[in-house]
Amino acid sequence: GLFYSATPTQKFLWFGSSNLATSTDGNRWNAPNTGWPANLQVNSAAFGASIYVLTGNSGNVATSTDGVTWTARVSASTSSMFTTTFGASKFASAGGLGALQTSTNGIAWTSQTSGTTSTIGKIAFVNSLFIYAGQAMLATSTDAVTWTARTLTTPATTTITSVTFGASVYVY
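A few points on the structure. Computed from a predicted structure; not experimentally measured.

### A closer look at the overall build of the protein
Summing up its helical and strand segments, the protein has 0 helices and 17 strands in all. By the compact-globule yardstick of 16 Å for 172 residues, the protein fits well, its C-alpha radius of gyration being 16 Å. Referenced to the eigenvectors of the C-alpha coordinate spread, the extents of the protein come out at roughly 45 × 35 × 30 Å. Looking at the protein as a whole, 46% of its 172 residues are labelled buried. In the protein, the share of contacts with a sequence separation of at least 24, taken over all contacts with a separation of at least 6, comes to 36%. Element-wise, carbon and sulfur atoms account for 51% of the exposed surface of the protein, whose accessible area totals about 8200 Å².

### Observations concerning the packing of aromatic side chains
Overall, the coordinates contain 8 aromatic pairs when judged by the stated rule. With a centroid separation of 4.6 Å and an interplanar angle of 55°, the aromatic rings of Phe165 and Tyr170 are classed as tilted. Here Phe165 falls in the partly exposed class, since its relative accessible area comes to 30%. Three or more aromatic residues joined by ring pairs form one cluster here, namely Tyr4, Phe12 and Trp29.

### What about the sheet that holds strand E14 (residues 137-141)?
In spatial order, the strands read E12-E13-E14-E15; together these 4 strands make up an open sheet with antiparallel pairing. Lying at the two open borders of the sheet, with one neighbouring strand each, are strand E12 (120-126) and strand E15 (148-149). Sheet analysis places strand E13 (residues 129-134) next to E14, joined by 5 bridges and oriented antiparallel. Residue pairing across strands places Tyr132 opposite Ala139, the latter belonging to E14.

### A closer look at the nonpolar core
Phe3, Leu13, Phe15, Leu20, Leu40, Val42, Ala45, Phe47, Tyr52, Leu54, Ala62 and Trp70 together form the largest nonpolar core, which totals 12 residues. Contributions of two or more residues to this core are made by strand E2 (11-16), strand E4 (42-48) and strand E5 (51-56). In terms of residue count, E4 provides more of this core than any other element does, 3 residues in total. Setting aside its immediate chain neighbours within four residues, Leu40 contacts Ser17, Ser18, Gly56, Asn60, Val61 and Ala62.

### Remarks on the environment of Ser93
Here Ser93 lies in strand E9 (residues 90-95). With 75 residues separating them along the chain, Ser93 and Ser168 place their C-alpha atoms 26 Å apart. Sequence-distant contacts of Ser93, that is, excluding residues within four places in its chain, are made with Thr55, Met81, Thr83, Thr84, Ala99, Leu100, Gln101 and Trp109. A distance of 3.3 Å separates a polar side-chain atom of Ser93 from the backbone oxygen of Thr83.

### Focus: the sheet that holds E9
Spatially, E8-E9-E10-E11 is the arrangement adopted by the 4 strands of the open sheet, whose pairing is antiparallel. Of all strands in the sheet, those with a lone pairing partner are strand E8 (81-87) and strand E11 (110-112), marking the two edges. Along the sheet, successive strands turn relative to each other by an average axial angle of 25°, direction set aside. In terms of strand pairing, E9 meets strand E10 (residues 100-103) through 4 bridges, oriented antiparallel. Paired with Phe91 across the strands is Ser103, a residue of E10.

### A word on the pairing of E4
In terms of burial, E4 is a largely internal element, 6 of the 7 residues being buried. In this structure, the hairpin formed by E4 and E5 is closed by a connection of 2 residues, where Ala49 is found at a positive phi of approximately 50°.

Parameters at a glance
Residues numbered from 1 in each chain as written. Predicted model: local features only at pLDDT ≥ 70, side-chain atom pairs only at ≥ 80, totals over all residues. Heavy atoms only, no water. Helix = DSSP H or I, 4+ residues; strand = E, 2+ residues; numbered from the N terminus. Rg over C-alpha atoms; globule rule 2.2 N^0.38 Å. Buried < 20%, exposed > 50% of the residue type's maximum accessible area, 1.4 Å probe, protein only. Contact = heavy atoms within 4.5 Å. Areas by Shrake-Rupley, 256 points an atom, 1.4 Å probe, with all protein chains shown as cover. Phe/Tyr/Trp six-rings, centres within 6.5 Å; stacked < 30°, edge-to-face > 60°. Pairing = 2+ DSSP bridges. Core = buried A, V, L, I, M, F, W, Y, C linked by side-chain atoms within 4.5 Å. Polar contact = N/O pair within 3.5 Å; in protein donor to acceptor, adjacent residues only side chain to side chain. Axes fitted to C-alpha atoms, helices over the stretch in contact; angles between N-to-C directions.

Here it is, written out as structure tokens:
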């Protein structure tokens, strides 16, 4: 995966398998200096509250304030986390078996009830709403705690992998 954050300083994060590299220009890449958990299969990245958050398989979470020095954190879930976002002053991460967790600082995580046991493949914060999506499902929340399932007009075999908002319309 690839993640970009313009703040606090321009930083690209590239992750895959058990690897991580960072870059300030997209040309020269560096491995993290310290604290990188060797077993962390990274699936998703987010930045907010002055901290980078990586989530991955088996509920693994790691944080960094600079993208160089990383610290493993205790997750609220043992399920693989496939997607992470930041909005409304909190992180939300979701994944396998409908697992969903939130954190205001990226360090301490709280398990939330998603209302599904299906894999959540995407979570996003758009237009003041948290939205999660997966196979033939989509739900919204203003706080990432209380979720409302939405009716979809897509076939039951459709897996939603992205959600955005523009021109006063949500598109998935």
